[in-house]
Each structure stands twice: as structure tokens, then as C-alpha cells.
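Results of the structural survey
Listed below are the residues making up each chain.
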Amino acid sequence: MKKLFMLTIGQSPREDVAPIIDKSLGPEIELIQSGVLDDLSNEEISSKFTKESCRNSNYLLTSHLRDGSSVVMDREHLEPMLQKKINQAEIDGFSVIWLLCTGEFPNLYTKKVYLLNRIR
């Protein structure tokens with residue numbers, strides 16, 4: 001069975017998107033969701049992504065959290081966190097990694113699996 005790793009810049013699960021994707025994948029592909037902020041509490045997120053830390057940013061992104069609130073993040077701060085999740089997903093044997101975000105992350109990479117990033 002192939003595994004699709006769906007990565008979001010916020011928190012998982014993405015109940016607004018995942019059921020639609022899961023339904024269209026079929027039984028031979030397993031969808032696993034993960035979010036860069038999954039392991040952080042709302043307090044940790046608030047302290048990590050402050051208005052001050054985003055003040056001089058050239059590229060801001062907004063993501064919704066599980067509790068319905070949202071957070072504004074600087075891409076430069078977020079990119080290493082995404083890369084760490086991507087590296088782990090590749091080690092874990094995923095066939096495809098899909099970054100579910102409308103933003104652009106030109107510096108993200110994989111060694112041998114497909115990385116879907118910013119589909120136009």
C-alpha cells in the first residue's frame with residue numbers, strides 16, 4: 001500500500017480537506033495527516049509566532065488551528081520546521097509528501113520521494 005503524507009503549515013487534522021482527498025484516493029493509498037504545529041500548545045504557538053517576529057517579514061502566511069483560531073507566521077521561520085517534518089516523512093517511508101498550503105516554499109526538498117508543493 002502506498003502512503004500519502006499530507007502536511008499542513010498549521011495543525012492537523014484538516015477535516016475540511018482530508019475527507020475529500022481520502023475519498024478520491026481509493027483503498028490502495030493511505031492518507032496520513034500531519035501539521036507543523038501539531039506538537040505545540042496554543043501558548044507555545046503564540047510565543048513562537050509573535051507580531052514582533054513577523055514585523056520585518058517579506059512573506060507572511062496564515063493558518064487555522066484546531067480550536068478555530070488562526071496564527072500568522074513568517075515563511076523564513078516556518079521553512080525549517082517544514083523541512084524537518086518532510087525529512088521524517090521520507091525516513092518513515094512515505095511515497096508522496098503533499099504540502100497543503102497556498103504559499104510558496106522554493107527551498108524545500110526531498111532526497112527520493114515526490115514532494116507536491118504549490119500545485120498551480
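My aim in this report is to walk through the structure given alongside it, one point at a time.

Basis of the calculations
Residues numbered from 1 in each chain as written. Predicted model: local features only at pLDDT ≥ 70, side-chain atom pairs only at ≥ 80, totals over all residues. Heavy atoms only, no water. Pairing = 2+ DSSP bridges. Helix = DSSP H or I, 4+ residues; strand = E, 2+ residues; numbered from the N terminus. Axes fitted to C-alpha atoms, helices over the stretch in contact; angles between N-to-C directions. Contact = heavy atoms within 4.5 Å. Expected span 1.5 Å × (residues − 1). Buried < 20%, exposed > 50% of the residue type's maximum accessible area, 1.4 Å probe, protein only. Polar contact = N/O pair within 3.5 Å; in protein donor to acceptor, adjacent residues only side chain to side chain.

**Some thoughts on the sheet that holds strand 2 (residues 29–35)**
- Overall, parallel pairing links the 4 strands, which are arranged 2-1-5-6 in an open sheet. Edge strands, defined here as strands with exactly one partner in the open sheet, are strand 2 and strand 6 (114–117). Neighbour-to-neighbour, the strand axes of the sheet open up by a mean angle of 20°, direction not taken into account.
- As paired strands, strand 1 (residues 2–8) and strand 5 (residues 96–100) are joined by 5 bridges and run parallel to one another. Following the sheet pairing, Met6 is matched in strand 5 by Trp98.
- Strands strand 1, strand 2 and strand 5 of the sheet are contacted by helix 1 (residues 18–25), whose axis makes an angle of about 160° with strand 2.

**Concerning helix 4 (residues 75–91)**
- An ideal rise of 1.5 Å per residue puts 24 Å on 17 residues; helix 4 measures up with 24 Å between its terminal C-alpha atoms.
- The complete set of buried residues in helix 4 reads Leu78, Glu79, Met81, Leu82, Gln83, Lys85, Ile86, Ala89 and Glu90.
- Sitting at the head of helix 4, Asp74 places a side-chain oxygen 3.1 Å from the backbone nitrogen of Glu76.
- Where helix 4 ends, the next residue or the one after it, Gly93, has phi of about 90°, a positive value.

**A few points about the side chain of Thr8**
- Tracing the chain through its elements places Thr8 in strand 1.
- A relative accessible area of 3% places Thr8 in the buried class.
- Among all residues touching Thr8, those that are not within four sequence positions of it are Arg14, Ser34, Gly35, Val36, Ser63 and Leu100.

**Thoughts on the pairing of strand 5**
- The pairing of strand 5 with strand 6 spans 4 bridges and is classified as parallel. Bridging across to strand 6, Val96 finds its partner in Tyr114.

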